[in-house]
Amino acid sequence: MGHVFLLHHRICVRLFAMRWRGQQIGAVDADALPGLERIDGLVRSVTTPEFAGITFHEVMSRSALNHVPGASAMPFSWTINPYRGCTHACAYCLSPDTMILMADGSSRSLRAVQVGDEIMGTQVHGSYRRYVRTRVDAKWSTRKRAHRVHLADGTQLVASGDHRFLSDRGWKHVTGATSGAARRPHLTTSNRLMGFGFGGERFFRITEPSISRKLDLSGTAVKTVSDLRIESIDDLGVEMDMIDITTGTGDFIANGVISHNCFARGTHEYLDFDAGRDFDSQIVVKINVADVLRRELASATWQREHVALGTNTDPYQRAEGRYRLMPDIIETLAASGTPLSVLTKGTLIRRDLPLLRQAAENVPVDLSFSIAVFDEALQQSLEPGTPTTTARLEAVRAASDAGFAVTVFLMPVLPHLTDSVAAIDDALARIAAAGARRVIYGALHLRPGVKPWFLQWLEREHPELVSSYRGLYPGQTSYAPKGYRVWLAKRVRPLLRAHRLDGGDEDEQPMRAAAPGPVLATGRRGAGAAPRFADPTLF
């Protein structure tokens, strides 16, 4: 079926040679395209008109079960994430003084560059890498340990050790991996960077305002004529505020050299994908996940503990319609006697309700839906790739009619946007009418990987609320203040009772006990005889 699907839709497939060394845990492929060096077991990357703007990276996974660390507050010990990244699209590393080459030939400090600005990036055309115009898609800040890179022509670059520049030997990080991480390509004094440099006269001529208005580097081949040999890389010994941008080409010109997006949502970062645009458009698919899971569950040490699906990325995102990984996962878990739960924003789960009903005859199966926003316009603005609220409520009704005691996660509640009495009352009334039994609510969390992207959305869509949110979530703060959470609880609890719904605040939900457990064949430890709780909370 898969081959027919590819031919029928005339999918453009970029085939990569199978790199068996990628099967080694943490292996870095120095010959891979930027951003793909650390995707273990990459088989191929696929684009299709049906998923415009999205690339699927199909991989042969070494493991299916993910153990949640004992110190975690999650009420489950094991998860399965068949996808990395999410097609739902629910809406850093250079010094702010770094000069960025704009599309008109002028230069502007990184701190002054804005989302939507047209700048210069590069792309490979034929045998040459050429300068091309691109746009800034996102911008965010972070704080990291600073390093200074000195080039022979006088150019200096202050960046984090994780940042990457294009050298004469490909993309390389500023420094090697930190303790405990896998080896990775990094700069040495044997390398030279690609570009024209900032220290020489050439760059100043390019960026001189009277000339820059007439200058257009578009289409010009990248040729390094300045002396961009690396003379030294110095650890400055301090952390400092840094900025990163995401661009259409995946790179930009910083202080006259070619700089890769230094990518800051959560689990996508270790793949060298960013936490925003790439999380939505670069989807890693574990095409062999069911086969690996079957082998892991067959281990004599597997204790048939509760496995939660949908704790990191949505198993019923749109990509599941293409890859159909969940039916085999459900059947494999049920056949092994393993209890499971599913948390989703997707409506594709309706396809598998008969299978889930069948599984529930053998093991406990819990279904939960995440529905945060009940104003359709706001929902589509905030979660542009998700099904509508109405469609999700219809899925709740279908699951309830199939005999499941459905939980709805009314999360996150957005301060000043969805926390009014009228908004909460309407949400709970519609949830109850759909047949749900239980509601878990909680205020918005703005974790480091998500915060910059949400604030960019807020500034674009509701600029009048930016100052209020910065007051509620100052600095690196991720959680709404206790005072707001107490206030929200007093508002929601009477409405839950009025609509005869069980549930409560996420903070009130029981957490699992942390204890050592059995060792799987993979060498990972499971949790001990911790109690199983029906529903996971959201990461």
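This text follows the structure it describes.
Remember, predicted model here, so these are calculated numbers, not experimental data.

**Overview of helix α11 (residues 421–433)**
Right, on to step 1. Compared with the 18 Å implied by 1.5 Å per residue over 13 residues, the 18 Å span of α11 between its first and last C-alpha is a close match.
Right, on to step 2. Where α11 is concerned, the buried positions are I424, A427, L428 and I431. All buried residues of α11 lie within an arc of 90 degrees about the axis, which places them on one face of the element. Residues A422 and A433 are exposed on α11 and point more than 90 degrees away from its buried face.
Right, on to step 3. Contacts from the buried residues of α11 go to α10 (389–401), β21 (407–413), β22 (438–443) and α14 (482–498).
Right, on to step 4. Positive backbone phi, approximately 95 degrees, marks G435, located one or two places after α11.

**Thoughts on the pairing of strand β12 (residues 164–167)**
Right, on to step 1. Residue alternation in β12 divides its side chains into two sets, R164 and L166 and F165 and S167, and both sets are buried.
Right, on to step 2. With four bridges joining them, β12 and strand β13 (residues 170–173) adopt antiparallel strand pairing. Residue S167 lies in a different strand from β13, and its bridge partner there is G170.

**A word on the sheet that holds strand β19 (residues 340–344)**
Right, on to step 1. An order of β4-β5-β18-β19-β20-β21-β22-β23 is seen for the eight strands of this open sheet, with the pairing classed as mixed. Two strands bound the open sheet, and with one partner strand each, they are β4 (65–67) and β23 (502–505). Strand after strand, the sheet turns through a mean of 25 degrees between neighbouring axes, direction not considered.
Right, on to step 2. Bridging between strand β5 (residues 78–80) and strand β18 (residues 307–309) involves three bridges; their strand directions are parallel. Counterpart to I80 in the pairing with β18 is L309.
Right, on to step 3. Most of the contacts of α10 go to strand β20 (residues 365–370), to which it runs at about 165 degrees, and overall it touches β20 and β21.

Conventions and cut-offs
Each chain has its residues counted from 1, running along the sequence as written. For this predicted model, a pLDDT threshold of at least 70 governs which residues receive local features, and a threshold of 80 or more governs which side-chain atom pairs are given and counted, while totals over whole chains, interfaces and linings are taken from all residues. Each side-chain value is worked out from all heavy atoms of the structure, with water and hydrogens disregarded. By the criteria applied, helices consist of DSSP H or I runs no shorter than four residues and strands consist of E runs no shorter than two, each listed in order from the N terminus. In this scheme, a helix's expected span is set at 1.5 Å multiplied by one less than its residue total. Three labels apply to residues, based on accessible area from a 1.4 Å probe with only protein chains included: buried if under 20% of the type maximum, exposed if over 50%, partly exposed otherwise in between. Here the arc refers to the set of directions running from the helix axis out to each C-beta atom. Contacts between residues were defined by any pair of non-hydrogen atoms, one from each residue, lying within 4.5 Å. One bridge is not enough; two strands pair if DSSP finds at least two bridges between them. A fitted line through C-alpha atoms represents every axis, and for helices the fit uses only the stretch in contact; the resulting angles, taken between N-to-C directions, go from 0 to 180 degrees.

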